[in-house]
Amino acid sequence: MKKKVIFLVDMQSFYASIEKAAHPELAHQPVIISGDPERRSGVVLAACPLAKKYGVQNASRLWEAQKQCPQAVVLRPRMQLYVDFSVQITNILNQFTDLVEVYSIDEQFLDVTASQRLFGDPLTIAKKIQSTIMNDMGIRARVGIGPNKILAKMACDQFAKKNENGIFQLDFDNIEGNMWKLPIEKLFGVGSKMERHLKRMGIRTIGHLANFPLHILKKRWGINGEVLWQTANGIDYSPVTVKTHDQRKAIGHHMTLPRDYDRLQDIKVVLLELSEEVARRARFKNYMGSTVSLGVRGASFETPTGFHRQLKLTSPTHFDIDIFHAACQLFQKYWDGLPVRSIGVTLSQLQTVHHYQLNLFDSELKKEKINQALDFIYIKYGPTALIRASSLSEAGQAFDRAGKIGGHYK
């Protein structure tokens, strides 16, 4: 079998690069893309390379970034524009292979194994992709090359992004001399909590993990321990597929609040709005779910608080009131009473609506007809044509969210 050649193509400072392409006068100025500076949700979404030289980092608070780089031009995000650019980039990549997997708005996997006869060796194809995206879109792309998705991802994140030409190839011949030398926290899938666990075991580099006895990792973390070990050894059998997002594992919606919410009645308003959004998305995708998860983060950055809990339902649902009741139950059980900054509701254990067990003690048909009517109004007249009275209160966010995409203004 021919050796696989997988690319991860990543757009450099995607949002900021788009804005610079749209505003040539900003070409030599540091640019920061952030939420509304007047609200607490002002977080750096993207910073151009010039701004990053001053220490500005993505996900930092805007006021901190402005202290580091006071001369930076701060622009609000235009999410619809960024989505449109992402779609155009996907169309460009489809010129090189029909196996393009959208990983995020600014990252895409490509399988170019069969494309080499048309476009040349991997390095040549990577350079052609870079020049095409730059010429057509005005955005610099970085390309990680590997025999599978995990090595392509590591090649891009840890090496191509730091190379002058923005291209790096990582395979089993050079994994020991490159990836294994990196600190363990650089491994894809290792968060801060796992980092602490691994370092307590004396595992400080990716190479340490790759050569650690597998049976010990499996005994401690089960299948997750084996996945970590395989990742450290560059083992990944998942194919590049255009149908990655066809089968959803969960449907959720998260909201960063514009101020501290410390009253239960106000938080319930937000929970209801989130439940409505999750339920509507599930219905549009023809899914029902059996588990409701609730994630809450406290208002303090210095001493983080919050929780993430889930509740198994007695029967699958895609109705907002069912999801809302479960979310309220979780919140009232686990909330510590401290102010809340962000909340997320998720429906998981999904199944199609075509086959499910009816609940004999619930009026499913009545709820189905009501929600069909609501969905019709939503599609025809927009998200704010019909809302609950609670959303008209000071705590409601329905009107504000209606003008956003992905939590940011269009």
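An account of the accompanying structure is given in this report. (Residues numbered from 1 in each chain as written. Predicted model: local features only at pLDDT ≥ 70, side-chain atom pairs only at ≥ 80, totals over all residues. Heavy atoms only, no water.)

A few points about the overall build of the chain
Scanning the chain from N- to C-terminus turns up 15 helices and 14 strands. Computed over its C-alpha atoms, the radius of gyration of the chain comes to 23 Å, within 12% of the 22 Å expected for a compact globule of 410 residues. Expressed along its principal axes, the backbone C-alpha trace of the chain runs to roughly 60 × 55 × 45 Å. Here the chain, with 410 residues, has 46% of them falling under the buried criterion. Restricting the contact set of the chain to residue pairs at least 6 apart, pairs at least 24 apart contribute 67%. Surface accessibility of the chain: about 21,400 Å² in total, with carbon and sulfur atoms responsible for 54%. Of the side chains in the chain, 54 bear a positive and 40 a negative charge, and the two mean positions are spaced by 3 Å. (Helix = DSSP H or I, 4+ residues; strand = E, 2+ residues; numbered from the N terminus. Rg over C-alpha atoms; globule rule 2.2 N^0.38 Å. Buried < 20%, exposed > 50% of the residue type's maximum accessible area, 1.4 Å probe, protein only. Contact = heavy atoms within 4.5 Å. Areas by Shrake-Rupley, 256 points an atom, 1.4 Å probe, with all protein chains shown as cover. Lys, Arg positive; Asp, Glu negative; His and termini not counted. Charge placed at Lys NZ, Arg CZ, Asp CG, Glu CD.)

With respect to unusual backbone geometry
Notably, Ser13 is not glycine yet its phi reads approximately 45 degrees, a positive angle. Considering the arrangement of structural elements, one finds Ser13 in the loop between strand S1 (6-11) and helix H1 (14-22). One non-glycine residue, Gln349, lies in the positive phi region at around 50 degrees. Its place among the elements puts Gln349 in strand S12 (residues 340-352).

A short note on the pattern of salt bridges
For the structure shown, the criterion picks out 15 salt bridges. Linking Lys153 and Glu107 is a salt bridge whose minimum nitrogen-to-oxygen distance equals 2.7 Å. With a gap of 46 residues between them, Lys153 in helix H7 (residues 149-158) and Glu107 in strand S6 (residues 107-111) connect regions that are remote in the sequence. Per residue, the accessibility class of Lys153 equals that of Glu107, and both read buried. (Salt bridge = Lys/Arg side-chain N within 4 Å of Asp/Glu carboxyl O.)

Some details on a positive patch on the surface
Judged by side-chain charge, Lys193, Arg196, Arg200 and Arg220 come together as a positively charged surface patch. Counting residues per element, the positive patch draws most heavily on helix H8 (residues 192-200), which supplies three residues. The topology assignment puts Lys193 in helix H8. (Patch = residues over 30% accessible without salt bridge, like charges linked within 9 Å, V, L, I, M, F, W, Y side chains within 5 Å.)

Regarding the sheet that holds strand S11 (residues 306-317)
The sheet built from four strands is open, its strands ordered S9-S12-S10-S11 with antiparallel pairing. Edge strands, defined here as strands with exactly one partner in the open sheet, are strand S9 (250-261) and S11. For this sheet the average axis-to-axis angle between neighbouring strands, irrespective of direction, equals 15 degrees. Here strand S10 (residues 287-298) runs beside S11; their pairing, made up of eight bridges, is antiparallel. Within the sheet, the bridge partner assigned to Val292 lies in S11 and is Leu311. Packing against the sheet, helix H12 (residues 264-284) makes contact with S9, S10 and S12, and its axis sits at approximately 155 degrees to S9. Along the sheet, helix H13 (residues 320-334) contacts S10, S11 and S12; its crossing angle with S11, the most-contacted strand, is approximately 145 degrees. (Pairing = 2+ DSSP bridges. Axes fitted to C-alpha atoms, helices over the stretch in contact; angles between N-to-C directions.)

Some details on the pairing of S1
Of all six residues making up S1, six are buried, and the element is well covered by its neighbours. Strand direction decides the pairing type here: S1 and strand S7 (residues 141-146), joined by six bridges, are antiparallel. Among the inter-strand pairings, Met11 is bridged to a residue of S7, identified as Ala141. As defined by bridge partners, S1 adjoins S6 across five bridges and the pair is classed as antiparallel. Looking at S6, one finds that Phe7 is bridged to Leu110.

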